[in-house]
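# Examining the three-dimensional arrangement
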Amino acid sequence: MARPKQDGLLYFSFDTDFFYADKRIKRLHSKYGNDGLIFYIYLLTEIYRNGYYISWDEESAEDATEDLRLREGFTEQVLTYLASRSLLAMSKLANSVTIITSPGIQKRYQEAKKGCKRQVEVDSEIWLLSQEETASCIKVTHNVSFSEKNQSNSEKNQSNSEKN
């Protein structure tokens, strides 16, 4: 029996010099303490568990605040800092969903997926890496929104009901 398709990763590489190699991480720690670091690591695990990005909304912020026992509003402050230092990229899609990812996250994701036997499809609206940076195991596609898909199915159903 074939294995079920899994978009996320079971584990991801974590550099042993995480605390020392990048000045942005040192500044994150000095500005927000251990809570800032654990929130950043929490975001990375959520992203890789789901693939190469996460959708972020008010519920996600509440979950992170509750899971990590952070003070209210802390996650927004740290997210703003992480985005200003290019540790994360936050963008709004056409349907006003906030997406969190980064080129570094996507590079590590594709590196982990290189061993897969099948191509991994990624959404061109979310994928940040250039064609040259994108590995051959990654297939960048334009995903049609759910409403567009449902609309075409509705049109089919309408034409079927008219025949009856």
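Residues numbered from 1 in each chain as written. Predicted model: local features only at pLDDT ≥ 70, side-chain atom pairs only at ≥ 80, totals over all residues. Heavy atoms only, no water.

## A few points about the packing of helix α2 (residues 23–50) against helix α4 (residues 74–84)
- α4 packs onto α2 with a crossing angle of 115° between their chain directions and a minimal axis gap of 10 Å. Considered as vectors, α2 and α4 are oriented roughly perpendicular to each other. Seen along the crossing, α2 lies across α4 with a hand that is left-handed. Where α2 abuts α4, its residues R24, R27, L28, K31, Y32, D35, G36, F39, Y40 and L43 lie against F74, T75, Q77, V78, L79, Y81 and L82. (Axes fitted to C-alpha atoms, helices over the stretch in contact; angles between N-to-C directions. Helix = DSSP H or I, 4+ residues; strand = E, 2+ residues; numbered from the N terminus. Parallel < 35°, antiparallel > 145°, perpendicular 65-115°, else oblique. Left-handed = near helix turned anticlockwise from the far one by under 90°. Contact = heavy atoms within 4.5 Å.)

## So, the sheet that holds strand β2 (residues 89–92)
- Taking strand neighbours across the sheet as the criterion, the 3 strands line up as β1-β3-β2 in an open arrangement whose pairing is antiparallel. Looking along the sheet, the strands with just one partner apiece sit at the ends: β1 (54–56) and β2. Within this sheet the neighbouring strands show an average axis-to-axis angle of 35°, counted without direction.
- Where β1 and strand β3 (residues 98–101) come together, 3 bridges link them in antiparallel fashion. Each bridged residue has a counterpart across the sheet, and for S55 the counterpart in β3 is I99. (Pairing = 2+ DSSP bridges.)

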